[in-house]
Amino acid sequence: MKLLIPGPVTTRPEVRAAAGHDFAPWDDSFRPPYQAMRRGIARIAGDVLASHAVLPLQGAGHFSIEAALRSFLPQGGRILVPLTGSYANRMARLAREAGRSVIPLPASETEPLDPARVAGALAADPTISHVGLVYSETSTGIVHDPDAIGTVVAAAGRRIILDAVSAFGALPLDLRRRPEIDAAVFTPNKCLEGLPGLAVTIARIDALLATSPRQAGSWSFDLRDIHEGGERDGWGSFRFTPPAQIVNALAVALDLHAAEGGAPARLARYRENARVVFEGMAAIGLQPCLAAAAQGPIVVNVLAPGDPSWSLDRFVAALKARGFLISNFYNTERPSFRVGCIGAIGPDDMHGFVAAADAVLDEIGVRVRAPSP
Ligand SMILES: *Cc1c(COP(=O)(O)O)cnc(C)c1O
């Protein structure tokens, strides 16, 4: 089965095999994979182990986004969140429920965020300390530009919390050149092609240590405490039981990432995957959601056909019978199905998917493939 979803992604057998060992997480045998994980991640982020901490947290990506929001903003602290799609909405909710003040910035779902709008919102409100930015909006497939936005945020003397969950390991991110980023968050089970169960924040050490101790208001989600605990015990283990098997699998996935040629090579493969899907869908009469210029390499959304016999559930089930699993829900304003282009898959798989989609539409009786107006 090929998982054509934007995480958890299809993985290589070597990665899954690495999860098949028993570990005592406090034992010395856990150190080498944990150290390899920290080094590999810091290398991808621009070789930043001297200036940045690699802070893992058990659980899903949302947990680390919440931890970053709590750890870098005090109670009542103010964050501008450009509402670029459903993952930006999630960041806003995490911040709000943690008692931080969210200043929403309405934004388009179909075009990249305009840095001038962020600059304007920051100029209008000097009490905003941070911008919460989603790098790759996994709900629509648009990639926003952390360099262009970072430049205006830095010029305004503010900071960024970056949701890089579906970007890290493929899209460029050099934290040495982006000092306004306090925290960049990701999970292993997207572009790093590892397993789920862990989330990671790469945080500026000076900025983290400039926050008040315990401002997170939650021991579980306190990045400063994770950092100080790691420094105290020499980064031998986590504060609480780590998902040791997942860390071991991530160490293997990072070796495979380096062997492939790092983030640039991975991005090139994903871009080609996305191109095959984008052009293939148009060739069989379906309409991608985005204009080609706005289409990112991580997911391609395709507008639901207007035919009355269209059913997303039947489409997904018939594709699954042919070996391809796509998301079974809509998360854009106009209904669209979502095809993930990341994971241990290549252009041949994507050609196979296009052919399967073409056959399945006939099979479920969809004659009109154009979307409803
Ligand atoms: C996948 C994803 C997340 C986090 O998802 P979890 O289910 O919490 O791991 C957050 N932001 C973006 C942009 C994502 O793609």
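What counts as what
Residues numbered from 1 in each chain as written. Predicted model: local features only at pLDDT ≥ 70, side-chain atom pairs only at ≥ 80, totals over all residues. Heavy atoms only, no water. Near = heavy atom within 4 Å. Polar contact = N/O pair within 3.5 Å; in protein donor to acceptor, adjacent residues only side chain to side chain. Areas by Shrake-Rupley, 256 points an atom, 1.4 Å probe, with all protein chains shown as cover. Helix = DSSP H or I, 4+ residues; strand = E, 2+ residues; numbered from the N terminus. Axes fitted to C-alpha atoms, helices over the stretch in contact; angles between N-to-C directions. Parallel < 35°, antiparallel > 145°, perpendicular 65-115°, else oblique. Left-handed = near helix turned anticlockwise from the far one by under 90°. Contact = heavy atoms within 4.5 Å. Buried < 20%, exposed > 50% of the residue type's maximum accessible area, 1.4 Å probe, protein only. Pairing = 2+ DSSP bridges. Domains from an automatic or database assignment. Buried area = accessible area lost by both parts, 1.4 Å probe. Core = buried A, V, L, I, M, F, W, Y, C linked by side-chain atoms within 4.5 Å. Expected span 1.5 Å × (residues − 1). Salt bridge = Lys/Arg side-chain N within 4 Å of Asp/Glu carboxyl O. Nonpolar A, V, L, I, M, F, W, Y, C, P; charged D, E, K, R; others polar.

## Some details on the site of the ligand
If you check the shell around the ligand, you find Ala60, Gly61, His62, Ile65, Tyr87, Val134, Ser136, Thr138, Asp163, Val165, Ser166 and Lys190 and nothing else. Lys190 is positioned such that a nitrogen or oxygen atom in its side chain is 2.7 Å from an oxygen atom of the ligand. The fraction of the free accessible surface of the ligand (390 Å²) that becomes covered by protein chains is 85%. It is helix 3 (residues 61-72) that provides the largest number of residues to the shell around the ligand, a total of 3 residues.

## Considering the packing of helix 2 (residues 31-44) against helix 9 (residues 244-260)
For the pair helix 2 and helix 9, interaxial distance at closest approach is 8 Å and the crossing angle is 40°. Comparing their axes, helix 9 and helix 2 come out oblique. Where helix 2 crosses over helix 9, the handedness of that crossing is left-handed. Residue-level contacts link Pro33, Tyr34, Ala36, Met37, Gly40, Ile41, Arg43 and Ile44 of helix 2 to Val247, Asn248, Leu250, Ala251, Leu254, His257 and Ala258 of helix 9.

## Some remarks on the pairing of strand 11 (residues 299-303)
Within strand 11, 5 of the 5 residues are buried, which leaves it mostly tucked inside the rest of the structure. Burial along strand 11 is two-sided: the face carrying Val299, Asn301 and Leu303 and the face carrying Val300 and Val302 are both buried. Summarising the sheet, strand 11 and strand 13 (residues 336-340) pair through 5 bridges and their orientation is antiparallel. Across the sheet, Val299 pairs through a bridge with Gly340, a residue of strand 13.

## What to know about the domain arrangement of the protein chain
For the protein chain, the domain assignment lists domain 1 (13-259) and domain 2 (262-363). Of note, the centres of domain 1 and domain 2, computed from C-alpha atoms alone, are 28 Å apart. At the interface, 24 residues of domain 1 touch 21 residues of domain 2. Across the domain 1/domain 2 interface, buried area totals approximately 1700 Å², and carbon plus sulfur atoms make up 56% of it.

## Looking at the nonpolar core
Residues Met37, Ile41, Leu69, Leu80, Val118, Leu162 and Phe168 are the most contacted members of the largest nonpolar core, which totals 89 residues. In terms of residues, this core owes the most to one element, helix 9, which gives 8 residues. By size, the runner-up hydrophobic cluster in this structure holds 32 residues, among which are Ala304, Cys341, Met350 and Leu361.

## Some points on helix 12 (residues 347-363)
Between its first and last C-alpha atoms helix 12 spans 24 Å; for 17 residues at 1.5 Å apiece the expected length is 24 Å, and the two agree. Buried within helix 12 we find Asp349, Met350, Phe353, Val354, Ala356, Ala357, Val360 and Leu361. Check the buried side of helix 12 and you find it contacts strand 1 (2-3), helix 10 (262-283), helix 11 (312-321), strand 12 (324-325) and strand 13. Following helix 12 by one or two positions, Gly365 adopts a phi angle in the positive range, close to 80°.

## Let's talk about the pattern of salt bridges
If you walk through the whole model with that rule in mind, you get 23 salt bridges. For the salt bridge of Asp147 with Arg178, the shortest nitrogen-to-oxygen distance reads 3.1 Å. Highlighted residues: Asp147 in helix 6 (residues 146-155) and Arg178 in the loop between strand 8 (159-163) and strand 9 (181-186), separated in sequence by 31 residues. Judged by relative accessible area, which is 43%, Asp147 ranks as partly exposed. A residue is classified by how much of its surface remains accessible, and Arg178, at 12% relative accessible area, is buried. In this structure, the salt-bridge partner of Glu193 is Arg266, at a minimum N-O distance of 3.7 Å. Of this pair, Glu193 sits in the loop between strand 9 and strand 10 (198-204) while Arg266 sits in helix 10, placing them 73 residues apart in sequence. Sharing partners across several salt bridges, the network here consists of Glu193, Glu260, Arg266 and Arg269.

## Points about the side chain of Glu66
Looking at where Glu66 falls in the secondary structure, it is placed in helix 3. Leaving out residues up to four positions away in the same chain, Glu66 has contacts with Leu94 and Phe221.

## Here's the deal with the packing of helix 5 (residues 115-124) against helix 6
Packing of helix 5 against helix 6 leaves a shortest axis separation of 9 Å and a crossing angle of 20°. On the basis of the axis angle, helix 5 is roughly parallel to helix 6. Helix 5 and helix 6 meet at a crossing whose hand is right-handed. On helix 6, the residues touching Pro115, Val118, Ala119 and Leu122 of helix 5 are Ala148, Ile149, Val152 and Val153. Residues belonging to the contact of helix 5 with helix 6 are distributed by class as follows: 8 nonpolar, no polar and no charged.

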